[in-house]
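Results of the structural survey
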Amino acid sequence: MEFTIKTGSPAKSKAGILVLGAFADGVLPAATANVDAAAQGRIAHLLKRGDLEEKAGATMLLPELAGTQAERVLLVSLGKQDEFGDKAYRDALGAAAKALAATPAKDAVVTLADVEMEKRPLAWRLQQAARILADGAYRFDALKSGKDKKDKKDRGVRKLTLQVEAELTAELDTAVRQGQAIATGMALAKDLGNLPGNICTPTHLAETAEALGKQYKFDVEVLERADMEKLGMGSFLSVARGSHQPPKFIVMNYKGGKAKAKPIVLVGKGITFDTGGISLKPAAEMDEMKYDMCGAASVLGTFKAIAQMGLPLNVVGLIPTTENMPGGGATKPGDVVTSMSGQTIEVLNTDAEGRLILCDALTYAERFKPECVIDIATLTGACVIALGKIPSGLLANDDELAAEILRRGSDSGDRAWQLPLWDEYQELLKSNFADMGNIGGRYAGTITAACFLSRFTKAYKWAHLDIAGTAWVSGDAKGATGRPVPLLSEFLIGRASAD
């Protein structure tokens, strides 16, 4: 989607569709009031008689509204004026995005970013608008054929203008470009997540990383099984033993900052399909275990976003990737493996494999002497039970880092919620036969998983994002969400701005 920003009179905007906002109490933002005046009060009349629902995100399409030069006007409810905030704004944008993706119109003018918000400046509103509107145009039909694919391809806006009253500045232009870049990163993460496990293999992830590195001029190294054996990654390789697909360890190095500046390291779990191994999962919904590499996908998507933005920052991406399969060579419950750190692990459940690949990646991260490390993983079903599908779970060994991530989650709308990482939980990982078990029993599964990882992160500031509830949705709308690319991107934008 092509974005531009402009000023001017909305009533005089020539477009296939003009998007306006309105409050439930009938108050009209400036852009909508401009059009209403040209339409001789038609919009105010429709609102007064209740044609537009009060809930933020409700829409009403007005074809060929008198007094305007747009072919259609889409009126979007902003909810109640005294309750208008981040959620209502995003709901309105999301509704507009859905309508624009389905319309036969090819170009649109959107005025929603010009609706004033007490705590959010115009640059923030424009970034959110660009991201949400671009993300709303996302489709995954690469594996479909026939008329349905063609019909969908022929619909939807291609060119979108964000109209504002303010003077156009470089800051506003940057905000829009940032929103676009984040949406592009989300699209890559979605594409990778939505691909089936027979296509999105560890090799495919490695090739995707290499293609990104070539396109955006950053270094990519792919370690093979022999390289990992030399490094002593016995924990990671124990997960790969049951699969015919070769494991990969992907190292991406984006050097946008000063040569001696410490990098931020992102570590993404890349289980391209998770059967549970010998501790086999039940058959119901096992197809969704293709999404167990969404941590890796989010790192790749974030790298695409920051490379497009050209952030002046050093960032390292680490992706341990393999399948988790049963087989004659697969790791068995009760086996003891030795991690890269030298710590031994009793594998009590082969379906708790994400932490087994992440721990070696977290040890590997030490060599970069990082500013901080964030790992991202679809790690525990317990996180879905605890937090549902709204926030990602957050645990950290540094309170300031955790607070920063929470703040950036709020800014981006890609929220997280912090859980405790207290020493008392470490007791649950005791093993009679190794330094630790890979599970902690029935209780506090999200926390004990993070406690396990924390044993490999003592050399640096570290945070863990459990995205098991947020990386994809099920049901009729099944698909990857692209989260937490917005959160990670906003975090890195903030770090780049602070330098």
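The paragraphs below set out a description of the structure included in this document. (Residues numbered from 1 in each chain as written. Predicted model: local features only at pLDDT ≥ 70, side-chain atom pairs only at ≥ 80, totals over all residues. Heavy atoms only, no water.)

Thoughts on the environment of Gly-136
Locating Gly-136 in the fold gives a position in helix 4 (residues 122-136). Separated by 47 residues in the primary sequence, Gly-136 and Ala-183 place their C-alpha atoms 9.1 Å from one another. Setting aside anything within four residues of it in sequence, one finds Gly-136 in contact with Ala-97 and Ala-101. (Helix = DSSP H or I, 4+ residues; strand = E, 2+ residues; numbered from the N terminus. Contact = heavy atoms within 4.5 Å.)

Some thoughts on helix 13 (residues 399-412)
Spanning 14 residues, helix 13 covers 20 Å between terminal C-alpha atoms, matching the ideal 20 Å at 1.5 Å per step. Residues of helix 13 that are buried include every one of Leu-401, Ala-402, Glu-404, Ile-405, Arg-408, Gly-409, Asp-411 and Ser-412, and no others. At the N-terminal boundary of helix 13, the capping side chain belongs to Asp-398, with an oxygen 3.3 Å from the backbone nitrogen of Glu-400. Where helix 13 ends, the next residue or the one after it, Gly-413, has phi of about 80°, a positive value. (Expected span 1.5 Å × (residues − 1). Buried < 20%, exposed > 50% of the residue type's maximum accessible area, 1.4 Å probe, protein only. Polar contact = N/O pair within 3.5 Å; in protein donor to acceptor, adjacent residues only side chain to side chain.)

Considering the packing of helix 4 against helix 6 (residues 170-194)
As a packed pair, helix 4 and helix 6 sit with axes 7 Å apart at the nearest point and diverge in direction by 30°. In terms of their interaxial angle, helix 4 and helix 6 are classed as roughly parallel. Helix-helix and strand crossings are classified by hand; for helix 4 and helix 6 the assignment is right-handed. Together, Leu-122, Ala-123, Leu-126, Gln-127, Ala-130, Arg-131, Ala-134 and Asp-135 of helix 4 and Glu-171, Leu-172, Ala-175, Val-176, Gln-178, Gly-179, Gln-180, Ile-182, Ala-183, Met-186 and Lys-190 of helix 6 make up the contact between the two elements. Residue composition of the contact of helix 4 with helix 6, by class: 11 nonpolar, 4 polar and 4 charged. (Axes fitted to C-alpha atoms, helices over the stretch in contact; angles between N-to-C directions. Parallel < 35°, antiparallel > 145°, perpendicular 65-115°, else oblique. Left-handed = near helix turned anticlockwise from the far one by under 90°. Nonpolar A, V, L, I, M, F, W, Y, C, P; charged D, E, K, R; others polar.)

Points about a negative patch on the surface
On the surface, a cluster of negative charge is contributed by Asp-25, Glu-54, Asp-82 and Glu-83. Within the fold, Glu-83 resides in the loop between strand 4 (72-77) and helix 3 (86-102). Its relative accessible area of 57% is what places Glu-83 among the exposed residues. (Patch = residues over 30% accessible without salt bridge, like charges linked within 9 Å, V, L, I, M, F, W, Y side chains within 5 Å. Areas by Shrake-Rupley, 256 points an atom, 1.4 Å probe, with all protein chains shown as cover. Salt bridge = Lys/Arg side-chain N within 4 Å of Asp/Glu carboxyl O. Lys, Arg positive; Asp, Glu negative; His and termini not counted. Charge placed at Lys NZ, Arg CZ, Asp CG, Glu CD.)

What to know about the sheet that holds strand 12 (residues 336-338)
The strands making up a sheet associate through backbone hydrogen bonding, with each pair oriented either parallel or antiparallel. Pairing is mixed in the open sheet, where 3 strands are placed in the order 12-13-17. Two strands close off the open sheet at either side, each with one partner strand: strand 12 and strand 17 (436-437). Inspection of the sheet shows strand 12 paired to strand 13 (residues 344-346) by 3 bridges, in the antiparallel sense. Each bridged residue has a counterpart across the sheet, and for Thr-338 the counterpart in strand 13 is Thr-344. (Pairing = 2+ DSSP bridges.)

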